[in-house]
Amino acid sequence: MTNLSLSSLFSDLLSGDGATALLVAALAIAILIGLMLAASAGYFRIILNIAVFARPDARVRAIGNPMVDPVTAAVVREAHTLHDLFDRFRTAGHPFPAVGEMNIDIAERTIRGYYYAKVMSLSENVPDSVRHFFAAYGEMLVAREAAGIIMGRAGNISPADLEQRTSSAGPLTPELVRKAAHAAGPEDALNRFAQTPFGPVLAAAYRTAAGDPARFSARVQTALLGRLSLAARSVDISLSPPVTETAGRMIDLANIRALIRALSLGMGREETGRHLIPEGGFEITGDRLEQARRAGSLPDLIPALAGTRYEPYLSRYPEAVRDENIPVLEAALDQCMLDSVRAVSNQYHLESGPLLRYIVTLGYEVQNMQAIAGGVAVSLPPEEITQLLVLEEMNE
């Protein structure tokens, strides 16, 4: 009977006697090769991820987000007319198409249309591993535009004006905009959107809003952010951290904004809860969200956020907290989000970090461009326009 004890195996291996030595040696080599392949597979995946993100990351870094740069904004805000303003936008790095007639309505629609086109283009040129999230981000913007048509029909805005002020993009085609704008009423307009990806969201929000435009807008926003969170969580686990953090912080900030407004308006807790997104947050989740929800006033809300990234930004403005100055507090939250995506970009600079920073910051650029356009249209002093802008810190 063959002796297969460990001592005999090692003895045979060391002495080179018998077939047992060859068997043990082959087994050892196979195990070693298996371990090397397992280790190299992990490194190969990392290298592959770096490679697929290299080109789109480099592209958005080259484009940048000039309209959150304080120096660039200071030059652009000095425009004397809207035509002059768009020339300055182009010089800053945003290649708007030439526009003949120009007024504030045309300016705002042009800016929105440019924004949607940039987001849609980006979503088509990111790696497949994160494309679903970026596509969901674009659909969120288009759904908000479609929601504006619903509210316009409910508010008896003329079809011609509604069609003119709406920017088409993606599934919200010019033909669909025309049909919805000329619908018999909000319910008919909803039916026009039934086959779009966002149609069910709009229909559900409209049913629960009971004819209240503000409630409808809030319902749409919470539902769309919930869908964005689901898209983030569908990203492969090896690439999901920056995506889930960005989506989670968007939800956190939406919930904090809802709480701030509810407290300033004296809204009851039950009604407040309808404006909150219970899942998908990054820091404001579970017990912490419940603790924030139980705050009885704005000064009580700030301690409930202690230990999060958001509390220091709000604590900078104690007078605004005391006086319930909502615009100041919301501007602080905007600054927090801008800083958060910059941090994500720095931490995940070889993955989707730069793409996430670009797409979120582009939204703030659009907000700034619209604010400057509004200021230029009414000849607001440049210093007052600056107070309306969300800008990166000078030392960053």
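The structure contained in this document is the topic of the report that follows. (Residues numbered from 1 in each chain as written. Predicted model: local features only at pLDDT ≥ 70, side-chain atom pairs only at ≥ 80, totals over all residues. Heavy atoms only, no water.)

### Observations regarding the overall build of the protein chain
Argument step 1. Counting its secondary structure elements, the protein chain contains 20 helices and 0 strands.
Argument step 2. Scored against the burial criterion, the 396 residues of the protein chain give a buried share of 45%.
Argument step 3. Look at the contacts in the protein chain between residues 6 or more apart in sequence, and 63% of them connect residues 24 or more apart.
Argument step 4. Surface summary for the protein chain: the accessible area is close to 19500 Å², and the carbon and sulfur share equals 57%. (Helix = DSSP H or I, 4+ residues; strand = E, 2+ residues; numbered from the N terminus. Buried < 20%, exposed > 50% of the residue type's maximum accessible area, 1.4 Å probe, protein only. Contact = heavy atoms within 4.5 Å. Areas by Shrake-Rupley, 256 points an atom, 1.4 Å probe, with all protein chains shown as cover.)

### Some points on the side chain of Ser-229
Argument step 1. Its location among the elements puts Ser-229 in helix α11 (residues 213-233).
Argument step 2. Not counting the four nearest positions on each side in its chain, Ser-229 is found in contact with Ala-247, Ile-251 and Gly-280.

### Topic: the pattern of salt bridges
Argument step 1. Overall, the coordinates contain 21 salt bridges when judged by the stated rule.
Argument step 2. The partner of Arg-178 in a salt bridge is Glu-175, and the shortest N-O contact between them spans 2.9 Å. Of this pair, Arg-178 and Glu-175 both sit in helix α8 (residues 174-181), 3 residues apart, which is roughly one turn of that helix.
Argument step 3. Owing to a relative accessible area of 39%, Glu-175 belongs among the partly exposed residues under this scheme.
Argument step 4. In this structure, the salt-bridge partner of Arg-322 is Asp-323, at a minimum N-O distance of 2.9 Å.
Argument step 5. The class for Arg-322 is exposed, based on a relative accessible area of 56%. (Salt bridge = Lys/Arg side-chain N within 4 Å of Asp/Glu carboxyl O.)

### Considering the nonpolar core
Argument step 1. Formed by 116 residues in total, the largest nonpolar core has its most connected members in Phe-133, Tyr-137 and Phe-193.
Argument step 2. Discounting chain neighbours no more than four positions away, the residues touching Tyr-137 are Tyr-115, Val-119, Leu-228, Met-250, Ile-359 and Val-360. (Core = buried A, V, L, I, M, F, W, Y, C linked by side-chain atoms within 4.5 Å.)

### Quick look at the packing of helix α5 (residues 104-123) against helix α19 (residues 353-377)
Argument step 1. Here α5 crosses α19 at 170 degrees, and the two axes come no closer than 10 Å. If you check the angle between α5 and α19, you find them roughly antiparallel. Between α5 and α19, the residues in contact are Ile-104, Ala-107, Glu-108, Ile-111, Arg-112, Tyr-115, Lys-118, Val-119 and Leu-122 and Leu-355, Tyr-358, Ile-359, Leu-362, Gly-363, Val-366, Met-369, Gln-370, Ala-373, Gly-374 and Ala-377, respectively.
Argument step 2. Across the contact of α5 with α19, the residue classes break down as 14 nonpolar, 3 polar and 3 charged. (Axes fitted to C-alpha atoms, helices over the stretch in contact; angles between N-to-C directions. Parallel < 35°, antiparallel > 145°, perpendicular 65-115°, else oblique. Nonpolar A, V, L, I, M, F, W, Y, C, P; charged D, E, K, R; others polar.)

### Digging into the packing of aromatic side chains
The way to describe two aromatic rings as a pair is by their centre distance and the angle between their planes.
Argument step 1. Here the structure, examined in full by the defined rule, presents 8 aromatic pairs.
Argument step 2. An angle of 55 degrees between the planes, with centres 5.8 Å apart, marks the rings of Phe-193 and Phe-198 as tilted. Each member of the pair Phe-193 and Phe-198 is classed as buried.
Argument step 3. Its end group placed over the ring of Tyr-313, Arg-316 keeps NZ or CZ at 4.5 Å from the ring centre. (Phe/Tyr/Trp six-rings, centres within 6.5 Å; stacked < 30°, edge-to-face > 60°. Lys NZ or Arg CZ within 6 Å of the ring centre and 35° of its normal.)

### Quick word on helix α12 (residues 240-265)
Residue pairs three or four apart in sequence face the same way in an α-helix, which turns once every 3.6 residues.
Argument step 1. Under the 1.5 Å per step criterion, the end-to-end length of α12 is 37 Å for 26 residues, consistent within 8% with the ideal 38 Å.
Argument step 2. The buried fraction of α12 is high, at 21 of 26 residues. (Expected span 1.5 Å × (residues − 1).)

### Re the environment of Pro-312
Argument step 1. Mapped onto the elements, Pro-312 comes out in helix α16 (residues 311-315).
Argument step 2. Considering only alpha carbons, one finds Pro-312 and Cys-336, 24 residues apart in sequence, at a separation of 9.2 Å.

### Overview of the environment of Leu-338
Argument step 1. Locating Leu-338 in the fold gives a position in helix α18 (residues 326-347).
Argument step 2. Linking Leu-338 and Arg-357, residues 19 residues apart in sequence, is a C-alpha distance of 8.1 Å.
Argument step 3. Beyond its immediate stretch of four places on either side in the chain, Leu-338 contacts Val-68, Thr-361, Tyr-364, Val-390, Leu-391 and Glu-392.

### Brief notes about the side chain of Asp-339
Argument step 1. Tracing the backbone shows Asp-339 in helix α18.
Argument step 2. In terms of polar contacts, Asp-339 uses its side chain to reach the side chain of Tyr-313, at 2.7 Å.
Argument step 3. Looking at Asp-339, its side chain comes within polar contact range of the side chain of Arg-342, at 2.8 Å. (Polar contact = N/O pair within 3.5 Å; in protein donor to acceptor, adjacent residues only side chain to side chain.)

### Focus: unusual backbone geometry
Argument step 1. For Asn-156, which is not glycine, the phi dihedral falls at a positive 60 degrees.
Argument step 2. Among the structural elements, Asn-156 can be located in the loop between α6 (128-154) and α7 (159-165).
Argument step 3. The backbone phi angle of Ala-210 is positive, close to 55 degrees, even though this residue is not glycine.
Argument step 4. With respect to the helices and strands, Ala-210 occurs in the loop between α10 (199-209) and α11.
Argument step 5. A relative accessible area of 65% places Ala-210 in the exposed class.

### A closer look at the environment of Tyr-348
Argument step 1. Examined against the element boundaries, Tyr-348 turns out to sit in the loop between α18 and α19.
Argument step 2. Taking the C-alpha atoms as reference points, Tyr-348 and Pro-241, 107 residues apart in sequence, are found 8.9 Å from one another.
Argument step 3. Contact partners of Tyr-348, with chain neighbours within four places excluded, come to Pro-241, Pro-242, Glu-245, Gly-353 and Pro-354.
Argument step 4. Separated by 3.4 Å, the side chains of Tyr-348 and Gln-347 make a polar contact.

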